[in-house]
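Here is what each chain is made of, one letter per residue.
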Amino acid sequence: AGVICDIMNDDGTMARVPQLVEFCRQHELKMVTVAELIRYRMQHERYVKRIAESDLETRFGTFRMIAYSSDVDEELHVALVRGELIGDPPPLVRVHSHCLTGDVFGSTSCDCYELVARSLEAIAAEDRGVLVYLHHTGRGFAIEPMTGNEQGRIRYHARGQLERDLSRQRLVQRESGVGAQILIDLGLQSIRVLTNNPRKVVALDGYGLKIVDQVPLQLTSQRKTHQVL
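This one's a predicted model, so the numbers in the text were calculated from it and none came from an experiment.

K.L.:
Can you tell me about the environment of Ile-86, naming the residues and giving the values?
P.N.:
Positionally, Ile-86 belongs in the loop between β3 (76-82) and β4 (92-97). Given the relative accessible area of 59%, Ile-86 is considered exposed. In sequence terms Ile-86 and Gln-189 are 103 residues apart; their C-alpha atoms lie 8.7 Å from each other. Excluding anything up to four places from it in sequence, Ile-86 contacts Arg-128, Leu-186 and Gly-187.

K.L.:
If you had to explain the nonpolar core to someone new, which residues and values would you point to?
P.N.:
Counting 22 residues, the largest nonpolar core has Ala-79, Val-130, Val-132, Ile-182, Leu-183, Leu-186 and Leu-188 as its most contacted members. For this core, the secondary structure elements donating two or more residues are β2 (61-70), β3, β4, β5 (129-134), α6 (168-185) and β8 (190-194). Discounting chain neighbours no more than four positions away, the residues touching Val-132 are Val-78, Ala-79, Arg-94, Val-95, His-96, Ile-182 and Leu-183.

K.L.:
Could you give an account of the sheet that holds β8, naming the residues involved and the relevant values?
P.N.:
In spatial order, the strands read β1-β2-β3-β5-β4-β8-β9; together these 7 strands make up an open sheet with mixed pairing. Edge positions in the sheet fall to β1 (48-58) and β9 (210-215), since each has one partner strand and no second. Between one strand axis and the next, the sheet turns through 25 degrees on average, direction left out of account. Here β3 runs beside β5; their pairing, made up of 5 bridges, is antiparallel. Bridge pairing in β5 links Ala-79 to Val-132. Against the sheet, helix α4 (residues 112-126) makes contact with β2, β3, β4, β5 and β8, and its axis sits at roughly 160 degrees relative to β4, the strand it touches most.

K.L.:
Before we move on, could you go through the environment of Val-48 and cite the residues and values that matter?
P.N.:
With respect to the helices and strands, the residue Val-48 is situated in strand β1. Between the alpha carbons of Val-48 and His-77 there is a distance of 9.3 Å; along the sequence they are 29 residues apart.

K.L.:
Residues and numbers for the environment of Val-78, please.
P.N.:
Mapped onto the elements, Val-78 comes out in strand β3. Residue Val-78 is classed as partly exposed on the basis of its relative accessible area of 23%. Expressed as a C-alpha distance, the spacing of Val-78 and Ile-66, which sit 12 residues apart in the sequence, is 5.5 Å. If sequence neighbours within four positions are ignored, Val-78 has contacts with Met-65, Ile-66, Ala-67, Leu-131, Val-132 and Tyr-133.

K.L.:
Lay out α4 in plain terms, naming residues and giving numbers.
P.N.:
Here α4 contains 15 residues, and its C-alpha end-to-end distance of 22 Å stays within 8% of the 21 Å for a straight helix at 1.5 Å per residue. For α4, the elements touching its buried residues are β2, β3, β4, α3 (100-104), β5 and β8. Looking one or two residues beyond α4, the residue adopting positive phi is Asp-127, at roughly 55 degrees.

K.L.:
Which residues make up unusual backbone geometry, and what values do they have?
P.N.:
In this model, Asp-88 is joined to Pro-89 through a cis peptide bond whose omega is -5 degrees. Of note, Pro-89 is situated in the loop between β3 and β4. Its identity as a non-glycine residue notwithstanding, Glu-28 has a phi of 55 degrees, on the positive side. Phi angles above zero are rare outside glycine, and Asp-127 is one such case at about 55 degrees. With respect to the secondary-structure elements, Asp-127 resides in the loop between α4 and β5. By relative accessible area, Asp-127 is classed as partly exposed at 43%.

Parameters at a glance
Residues numbered from 1 in each chain as written. Predicted model: local features only at pLDDT ≥ 70, side-chain atom pairs only at ≥ 80, totals over all residues. Heavy atoms only, no water. Helix = DSSP H or I, 4+ residues; strand = E, 2+ residues; numbered from the N terminus. Buried < 20%, exposed > 50% of the residue type's maximum accessible area, 1.4 Å probe, protein only. Contact = heavy atoms within 4.5 Å. Core = buried A, V, L, I, M, F, W, Y, C linked by side-chain atoms within 4.5 Å. Pairing = 2+ DSSP bridges. Axes fitted to C-alpha atoms, helices over the stretch in contact; angles between N-to-C directions. Expected span 1.5 Å × (residues − 1).

Now the structure itself:
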């Protein structure tokens, strides 16, 4: 059994790792980090399975499309792979979460449509890399229930606001976990992330993945972007 909690020092401040190590020594307790728990589960559990693949012709050239099923959300996710992923330098990678209004209809409330296009363009230019498309959440809008005799309303959001509405921490953990397992299945250990928002990059050390660089995408607009990794 394990417990996650805050422990206070005698002066009322929150105990940090050095103090926690001493606390565990005094009380003969074991200390484990979240990263260690993730490593253990990643080594012993697999909840993403490769189920099909085929070539996909795009305006940026041919990509190998690999479909994955997930036991976590019962959705289908895809990876668009270009070239050989193993070797140096590490390949370009983007993990993108489905956004109906942005990806399909080009909504002006987010940059999702252009992010996908620019990511594929960058990967094609290097002839090597992968775009993981997570097909869950991310409708790009929220439904306000009908009140009285009034019809329900649709509210459009920048993707970042939707993350907050849908419990951002839980959403990012799920997305990063599924995305990480797909990247691991593809044999990756080191990656260069395509991102314009480095602060939102999720730490992947616990998954055995190392981000060696963050490569910006050149966009024509300045709208708020959605970033998973």
